[in-house]
Amino acid sequence: MGLALEAAEPLVSWTRTLNEEDAFSLLDAASPGVSVQEWVELGHRLLPQASHARRRELIHIVRDELLDSREGVIVGSAWLRLLQEGSPHRRLGLLYGRLWQRRPLVLRALDELVHPRLERTGRPLAPLGADLIEGDDWDRFLRDCLRPEVPSEAFAKTRTTLQGALRAVGVIEITDTRERIYRVCHGRPDPLAFAWVVADELRGRGEASEAWALRSSFAARLFAPGPDYAAVCLDAGVSARLLYRSHLVGQAELHLGPEMS
């Protein structure tokens, strides 16, 4: 999985988060053709937080990591259109499919905690509990990833935030008993959300094999769908013109579709 090396450096704690409701409130207020500055001012009126500093922080996260703009003006991108017009399931897939690309801790957790267990559970006669992530596994993983000076409270908050991030994309299930149980599972993202994430990664590649999109792309890593479901997602992306499919010597190749321009 080609991006695993990008998070080799020790990481800071992850304690500041973007609430889904706040994110969607700001993104639904983003109108193509409106200046980013006007949108920022509107965002301060829309957000319910009393603290100006917290509102500014949330607006900056959305502006810097999610909003498409050009020369200070909001652009009507495919991502924004799909999100504003989409079902709740699609909106969540698009939000986290874009946001978690910038969270190296999520990438490392996928590669080191989630996918190895999914592979183990898929083997014949997999042992009982092959899908479990134990509490010690989380702590050991985070000690390996985070800077050693991270305080205990920030360490605990980072663990909770990471677990919530993986749960949000459907790759772990959390059973709320006296001792929480964490099980890995294959996600079932909205097909167009999955296809958009594949297409977005293709911006830096130009083209790629369909086999890559099904198994090694960021979308495949993040949502971890079964191969049959992932293929359905790619077909949906082609139909929606997010992706374009060609064939070279019998191998299917994917390119950016016209909707992504």
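Parameters and conventions
Position numbers for residues count from 1 along each chain, tracking the sequence in the order it is written. Owing to the predicted nature of the model, reporting of local features is limited to residues with pLDDT of at least 70; listing and counting of side-chain atom pairs is limited to 80 or more, with chain, interface and lining totals taken over all residues. Based on all heavy atoms of the structure, the side-chain values leave hydrogens and waters out of the count. The pairing criterion for strands is at least two bridges between them, as found by DSSP. We count a stretch as a helix when DSSP gives it H or I for four or more residues in a row; a strand needs E for two or more, and each element gets its number in order from the N terminus. Each axis is a line fitted through C-alpha atoms, taken for helices only over the stretch in contact, and angles between the N-to-C directions span 0 to 180 degrees. The contact criterion used throughout is that any non-hydrogen atoms of two residues lie within 4.5 Å. Only buried residues count toward a nonpolar core. Its members are Ala, Val, Leu, Ile, Met, Phe, Trp, Tyr and Cys residues joined through side-chain atoms within 4.5 Å. Exposed residues in this analysis have more than 50% of their type's maximum accessible area, buried residues have under 20%, and partly exposed residues fall in between, with area computed by a 1.4 Å probe over protein chains only. Throughout this description, the term salt bridge denotes a Lys or Arg side-chain nitrogen within 4 Å of a carboxyl oxygen of Asp or Glu. To pair, rings of Phe, Tyr and Trp, with the six-membered ring standing in for Trp, must have centres within 6.5 Å; the planes then decide the type, stacked if under 30 degrees apart, edge-to-face if over 60, and tilted in the middle.

Undergrad: Mind laying out the sheet that holds strand β6 (residues 243-248), listing which residues take part and the relevant values?
TA: Reading across from one edge, β5-β7-β6 is the order of the three strands in this open sheet, with antiparallel pairing throughout. Taken across any chain shown, the strands that pair with only one partner, and hence form the sheet edges, are β5 (207-209) and β6. Neighbour-to-neighbour, the strand axes of this sheet turn through a mean angle of 30°, independent of strand direction. Examined bridge by bridge, β6 and strand β7 (residues 251-256) share six bridges and lie antiparallel to one another. In the sheet register, S246 faces β7, and the bridge partner there is E253. Lying on the sheet, helix α9 (residues 191-202) is in contact with β5, β6 and β7; it crosses β7 at an angle near 80°.

Undergrad: Which residues make up the nonpolar core, and what values go with them?
TA: Counting residues in hydrophobic clusters, the biggest one holds 80 residues, and the most contacted among them are W39, W100, V106, L162, L166, I172 and V198. The leading source of residues in this core is α9, at nine residues. In this structure W39 touches L26, A29, A30, V34, I59, V62, R63, L67 and I74, once residues within four positions along its chain are discounted.

Undergrad: Could you give an account of the pattern of salt bridges, naming the residues involved and the relevant values?
TA: This structure, assessed with the given rule, holds 20 salt bridges. Between D176 and R167 there is a salt bridge, and its shortest N-O distance comes to 3.9 Å. Each of R16, R54 and E57 takes part in a single network of salt bridges with overlapping partners.

Undergrad: Account for the packing of aromatic side chains, naming residues and giving values.
TA: In the structure shown here, the tally under the stated rule is five aromatic pairs. Seen from their ring centres, W14 and W100 are 5.2 Å apart, and the 90° between their planes marks the pair as edge-to-face. Residue W14 is located in the segment before α1 (20-28), and its partner W100 is located in the loop between α5 (88-99) and α6 (104-121); the two are separated by 86 residues in the primary sequence. Classification of W14 as buried rests on a relative accessible area of 10%. Relative accessible area serves as the criterion here: at 8%, W100 is assigned to the buried category. Where W138 meets Y182, the ring centres are 5.4 Å apart and the plane angle is 70°; that geometry is what we call edge-to-face. One end of the pair, W138, is in helix α7 (residues 135-145); the other, Y182, is in strand β4 (residues 181-184), and 44 residues separate them in sequence. Just as W138 is buried, Y182 falls in that class too. The rings of W14, Y96 and W100 are connected pair by pair, giving a single aromatic cluster.

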